[in-house]
Amino acid sequence: MALDGKAALVTGAAQGLGKSFSEVLLQHGAKVAMLDVAEEAGKSLKESLDQRYGADRSLFIPCDVQSQQQFKDAMQKAVDTFGQLDIVCNNAGIVDERAWEEAVSINLMGVIRGTYLALEHMNKLTGGPGGVVINVASLAGLGPLLSAPVYTATKHGVVGFTRAMADASKVSGYGVRFNLLCPDFVQTNILSALTSSLGPFAHLRDSTKHLMEKHGILDVSQVSQAFLQLLLDQTKDGEALMVLGNGSQYYPFPSLE
Ligand SMILES: NC(=O)c1ccc[n+]([C@@H]2O[C@H](COP(=O)([O-])OP(=O)(O)OC[C@H]3O[C@@H](n4cnc5c(N)ncnc54)[C@H](O)[C@@H]3O)[C@@H](O)[C@H]2O)c1
Ligand SMILES: CC/C=C\C[C@H](O)/C=C/C=C\C=C\C=C\[C@@H](O)[C@@H](O)C/C=C\CCC(=O)O
């Protein structure tokens with residue numbers, strides 16, 4: 001299978017998109033370290049995956065991506081267990097316009113932390129095997145979502161950071177690709193919690209609901225198929241794959257050169 005022998009790590013893996021990414025990775029032969037703060041959901045998922053794929057194919061590690069020590073230890077445990085890391089997906093994220101510092105800490109700082117830790121293990125200049133990092137942004141990383149300005153800022157930050165890392169890697173010779181997944185609305189807990197996560201912008205909830213009606217709402221399986229496409233395309237580096245109701249397409253970033 002396409003990912004036989006590969007070792008992956010996914011954050012926010014216990015539910016929603018991260019759970020779907022983990023399942024697709026296992027379906028295609030990879031081993032997967034699943035990190036999440038939701039311990040009960042993670043343990044339950046691990047039990048279910050063990051039944052389908054065997055206990056040696058996956059690992060659940062409770063981890064808060066806001067903690068450098070927890071994240072460092074979790075990634076080291078994954079490397080110790082699987083021998084190396086070839087794929088890292090920084091997926092964990094929240095929408096919370098009231099506790100906005102936490103949203104920045106998780107959505108942006110957590111992605112930066114996971115990207116740097118992945119590079120420590122993958123960088124060919126320091127004896128690593130190379131690899132690929134996929135950071136999960138959003139369409140809100142490409143355009144403003146008026147009901148969630150801080151969420152928009154975190155996702156725009158993830159986009160800019162990831163693209164800069166791709167350029168740095170190409171010039172430096174790290175041997176690591178960095179790409180972005182930018183899904184439209186997806187039916188997960190994030191959408192279910194929308195009514196309580198907009199804080200001072202709750203009065204704009206209806207405008208977002210209208211956008212959802214206009215764009216439609218994706219199923220996680222549509223996004224995880226796009227994730228696999230992005231993962232397997234070795235030609236993609238510094239790219240953002242939008243996942244839309246009418247299919248997936250790469251965002252045409254303007255050249256500033
Ligand atoms: N659902 C959407 O409409 C949508 C669209 C585009 C992008 N996204 C992004 O996709 C990613 C996954 O979101 P989702 O929709 O699957 O939501 P979700 O709430 O279903 O899943 C998010 C997972 O991340 C975990 N998590 C939260 N904070 C964490 C932390 N500090 N450390 C570790 N794990 C943590 C949660 O426990 C949960 O299991 C997020 O980055 C989100 O911004 C979601
Ligand atoms: C309230 C938050 C709920 C879910 C967040 C999740 O990430 C989903 C976001 C989905 C859609 C966001 C759409 C934003 C649209 C507008 O900003 C508009 O500018 C379109 C954005 C990019 C268009 C890309 C292109 O040019 O085709």
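For the structure itself, consult the block above.
Keep in mind the model is a prediction, meaning the values are calculated, not measured. The numbers attached to residues start from 1 for each chain and follow its sequence in the written order. Chain labels run from A onward and ligand labels from 1 onward, assigned in the order the entries are written. In view of the model being predicted, local features appear only for residues whose pLDDT reaches at least 70, and side-chain atom pairs are presented and counted only at 80 or more, with totals across whole chains, interfaces and linings using the full set of residues. The side-chain quantities take in all heavy atoms of the structure and omit both hydrogens and water.

Colleague: Give me the lowdown on the site of ligand 2, citing residues and values where you can.
Modeller: Whether a residue is near a molecule or strand depends on its heavy atoms: if one lies within 4 Å, it is near. Close to ligand 2 lie 15 residues; Ser 138, Gly 143, Pro 144, Tyr 151 and Leu 194 are nearest. A 3.5 Å cut-off defines polar contacts: any pair of N or O atoms within that distance qualifies, except that in protein one atom must be a possible hydrogen donor and the other a possible acceptor, and neighbouring residues in sequence count only when both atoms are side-chain atoms. In this structure, Gly 143 approaches ligand 2 through a main-chain N or O atom, which is 3.3 Å from an oxygen atom. Protein chains shield 77% of the accessible area of ligand 2, which is 700 Å² for the free molecule. The residue makeup of the shell around ligand 2, split by class, is 12 nonpolar, two polar and one charged. Values of accessible area rely on a 1.4 Å probe in the Shrake-Rupley scheme; residue burial ignores everything except the protein chains shown. Only Asp, Glu, Lys and Arg are considered charged in this grouping, and only Ala, Val, Leu, Ile, Met, Phe, Trp, Tyr, Cys and Pro are considered nonpolar; every other residue, Gly among them, is considered polar.

Colleague: Any chance you could break down the pairing of strand β6 (residues 176-183) for me, citing the residues and the numbers?
Modeller: Buried residues dominate β6, accounting for eight of its eight residues. Summary of the burial criterion: residues with accessible area below 20% of their type's maximum are buried, those above 50% are exposed, and those between are partly exposed, where the area comes from a 1.4 Å probe applied to protein chains only. Numbering of helices and strands runs from the N terminus, with a helix taken as a DSSP run of H or I at least four residues long and a strand as a DSSP run of E at least two residues long. Burial along β6 is two-sided: Val 176, Phe 178, Leu 180 and Cys 182 and Arg 177, Asn 179, Leu 181 and Pro 183, pointing in opposite directions, are all buried. Taking the sense of rotation as the criterion, the β-α-β connection linking strand β5 (residues 131-136), helix α5 (residues 149-172) and β6 turns out right-handed. As paired elements, β6 and strand β7 (residues 240-244) share four bridges and run parallel to each other. When the sheet's bridge partners are listed, Cys 182 is paired in β7 with Met 242. Assignment of crossover handedness uses the view with strands pointing away from the viewer, where a clockwise path from the first strand over the helix to the second indicates a right-handed crossover. We call two strands paired when DSSP finds no fewer than two bridges between them.

Colleague: Residue-level account of the state of the cysteines, with values.
Modeller: Any two cysteine sulfur atoms lying within 2.5 Å of each other are counted as a disulfide. Scanning all chains against the criterion turns up zero disulfides. Take Cys 63: it sits in no disulfide, and the sulfur closest to it among the cysteines is that of Cys 89, at 14 Å. On the accessibility criterion, Cys 63 (4% relative accessible area) is buried. Of the cysteine sulfurs around Cys 89, a residue in no disulfide, the closest is that of Cys 182, at 12 Å. Note on Cys 89: relative accessible area 1%, which makes it buried.

Colleague: So what's going on with helix α1 (residues 16-27)? Which residues, and what values?
Modeller: One less than the residue count of a helix, multiplied by 1.5 Å, gives the span that helix is expected to have. With 12 residues, α1 ought to run about 16 Å at 1.5 Å a step, and its terminal C-alpha atoms sit 17 Å apart, in line with that. When you tally the buried positions in α1, you get nine out of 12 residues, the bulk of the element. Within α1, the full set of buried residues consists of Leu 17, Gly 18, Ser 20, Phe 21, Ser 22, Glu 23, Val 24, Leu 25 and Leu 26. At the C-terminal side of α1, Gly 29 shows a positive phi close to 100°.

Colleague: Talk me through the site of ligand 1; I want residue IDs and the actual numbers.
Modeller: Around ligand 1, a shell composed of 29 residues is seen, among which Gln 15, Asp 36, Asn 91, Tyr 151 and Thr 188 lie nearest. A distance of 2.8 Å separates an oxygen atom of ligand 1 from a polar atom in the backbone of Leu 17. In the environment of ligand 1, an oxygen atom lies 2.7 Å from a nitrogen or oxygen atom belonging to the backbone of Asn 91. Contact with the protein chains hides 94% of the accessible area of ligand 1, taken as 830 Å² for the molecule alone. Elements with a minimum of two residues in the shell around ligand 1: α1, α5 and α6 (189-192). When residues of the shell around ligand 1 are assigned to their parent elements, the largest contribution, three residues, is made by α6. Across the shell around ligand 1, the residue classes tally to 16 nonpolar, nine polar and four charged.

Colleague: A description of the nonpolar core should follow, citing residues and the corresponding values.
Modeller: The criterion is simple. A nonpolar core is a set of buried Ala, Val, Leu, Ile, Met, Phe, Trp, Tyr and Cys residues joined through side-chain atoms within 4.5 Å. The biggest cluster of nonpolar side chains holds 31 residues, and the ones touching the most others in it are Phe 21, Leu 25, Leu 181, Val 223, Phe 227 and Leu 231. The set of elements that each furnish at least two residues to this core consists of β1 (7-11), α1, β2 (31-36), α2 (39-53), β4 (87-90), β5, α9 (220-232) and β7. Per-element accounting of this core gives the leading share, six residues, to α9. Note on contacts: a residue pair is in contact if any heavy atoms of the two residues lie within 4.5 Å. Setting aside residues up to four positions removed in sequence, Leu 181 forms contacts with Phe 21, Ile 134, Asn 135, Val 136, Ala 137, Ser 138, Val 223, Ala 226, Phe 227, Leu 230, Leu 241 and Val 243. Counting residues in each nonpolar core, the second largest holds 29 residues, with Leu 59, Leu 117, Val 133 and Tyr 174 among its members.

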